[in-house]
Amino acid sequence: MAKQKIKVYEQRQFDLPEMACFRVTRNCNARCRFCLAPPEGEQPDEYVLKQRIDWLLQHNVKTIHFCGGEPTLHPALAELLMYVHGRGGKNRLTTNGIAMPDNLLSALHATATEVKVSLHGDQDHHNAIVGVTSFKHTTHNIKRLISTGVKTSIQSTIVAGHTWVIDWLTDYCIEAGVRRLSILPFIPRGNGKDCPEYVFSALQRRQLREQVKQTRHKYSGRLDVRWLDFSAQPIHVVEADGSLILEAATESMDVTLCHIPDKTTDQPRSNACQQKSAQVHGRMR
Ligand code: SF4
């Protein structure tokens, strides 16, 4: 009875969005210079991650957006997708597409997971941007995802001096049968703070946005071209160490809301989390 009361109280007080980014690992098989969440080795086990998923689903989150690091490196990812699906949640996955084991492909299909693959341009540019020779693996796995029937889109980080890749990417998407392309203008957080040559001036940024707008019109009905600016609005992220963070344009603007309790009945820590979240949401509205 006491446990039921706690749950009712939590559901009333906590105010999370319907989707949260869920970092299952901070390992990665690429070395992108603009990485927002650079590899640092943290990788919780399956049991801990399932507890965090339970907690999120109990706090209004409906879609678990698996991200990293590189989430496909976590050996339990397929199992975690099935776990969310079995509890009535939805999954999304953002991946660099370098590794795509068969069991993961099957789980993605079985759980109707939407997959976003990072592809940054032609072979030379993509490999230079991600810091490893991976273009062939990534494009091969995009084909495997599509032929398996997994809903697949592409996202691309655009850096200053390389806006030409938008034309290359649209051609690639049309040819490969991809129906959505998300364009991410470079933002200088994470490793990107050390990449001054990638930074857009205000004018260049406006021009890029206009280019994306024109591309969207040009391909309307054939390709859904989107502008996805991570600096526009903070997003809820569960870090690999269990912290729930409102991630903003720069690290100094991030707000740590709480650490997800190790057990869903950990009432005192959960309450602290609720109060902080309510304050932050109050400020943002
Ligand atoms: S941006 Fe993604 S793929 Fe690139 S190093 Fe960071 S986590 Fe890995």
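Since the structure is predicted, the reported quantities are computational estimates derived from the model, not experimental observations.

*Asks:* Even after reading the chapter, I still don't get the site of the ligand, so can you show me in this structure?
*Replies:* As a structural note, the neighbourhood of the ligand is formed by Cys 28, Ala 30, Arg 31, Cys 32, Cys 35, Ala 37, Gly 68, Gly 69, Glu 70, Asn 96 and Val 130. When grouped by side-chain class, the residues that make up the shell around the ligand number 6 nonpolar, 3 polar and 2 charged.

*Asks:* Which parts of the structure should I look at to understand helix H7 (residues 165-176)?
*Replies:* Since the α-helix turns once every 3.6 residues, residues separated by three or four places project in the same direction. In this model H7 runs 16 Å from its N-terminal to its C-terminal C-alpha over 12 residues, within 8% of the 16 Å that 1.5 Å per residue would give. Every buried residue of H7 is listed here: Val 165, Ile 166, Leu 169, Thr 170 and Cys 173. Relative to the axis of H7, the buried residues are bounded by an arc of 135° and lie together on one face. In H7, the exposed residues that point more than 90 degrees away from the buried face are Asp 167, Asp 171 and Glu 175. Of the residues one or two after H7, Gly 177 is the one with positive phi, at around 85°.

*Asks:* Just checking my understanding: could you explain the sheet that holds strand E7 (residues 224-227) for this structure?
*Replies:* Working definition: the strands of a sheet are paired by backbone hydrogen bonds and lie parallel or antiparallel to each other. Sheet architecture is open: 10 strands sit in the order E7-E6-E5-E4-E3-E2-E1-E8-E9-E10, paired in mixed fashion. Since the sheet does not close on itself, it has two edges, and those belong to E7 and strand E10 (255-259), each with one partner. Pairs of neighbouring strands in the sheet enclose a mean axial angle of 25°, with direction left out of account. Relative to E7, strand E6 (residues 180-185) runs parallel, the two sharing 4 bridges.

*Asks:* In this structure, what is going on with unusual backbone geometry? I would like to understand it.
*Replies:* Of all residues except glycine, most have a negative phi; of all peptide bonds, most are trans. The omega torsion of the bond from Gly 68 to Gly 69 falls at 15°, within 30 degrees of zero and hence cis. With respect to the helices, strands and loops of the structure, Gly 69 is situated in the loop between strand E2 (63-67) and helix H3 (77-86). One non-glycine residue with positive phi stands out, namely Asn 60, at about 85°. Looking at where Asn 60 falls in the secondary structure, it is placed in the loop between helix H2 (46-58) and E2. With phi around 55°, Ala 112 is a residue other than glycine that occupies positive phi space. Following the sequence through the fold, Ala 112 ends up in the loop between helix H4 (102-110) and strand E4 (114-118).

Conventions used here
- Residue positions are given per chain, counted from 1 along the sequence in the order it is written.
- Local features in this predicted model are restricted to residues of pLDDT 70 or higher, and side-chain atom pairs are both shown and tallied only at a pLDDT of 80 or more, whereas totals for entire chains, interfaces and linings draw on every residue.
- Throughout this description, a residue near a molecule or strand is one whose C-beta atom, derived from the backbone, lies within 6 Å of it.
- Amino acid classes used here: Ala, Val, Leu, Ile, Met, Phe, Trp, Tyr, Cys and Pro are nonpolar; Asp, Glu, Lys and Arg are charged; the rest, including Gly, are polar.
- Helix numbers and strand numbers start at the N terminus; a helix is a DSSP run of H or I with at least 4 residues, a strand a run of E with at least 2.
- A helix is expected to span 1.5 Å multiplied by its residue count minus one.
- Exposure criterion: with C-beta atoms placed from backbone coordinates, a residue whose C-beta has 20 or more other C-beta atoms within 10 Å is buried, one with 12 or fewer is exposed, and one in between is partly exposed.
- By definition, the arc is the one covered by directions from the helix axis to the C-beta atoms.
- Paired strands, as defined in this entry, are two strands with at least two bridges between them according to DSSP.
- A fitted line through C-alpha atoms represents every axis, and for helices the fit uses only the stretch in contact; the resulting angles, taken between N-to-C directions, go from 0 to 180 degrees.

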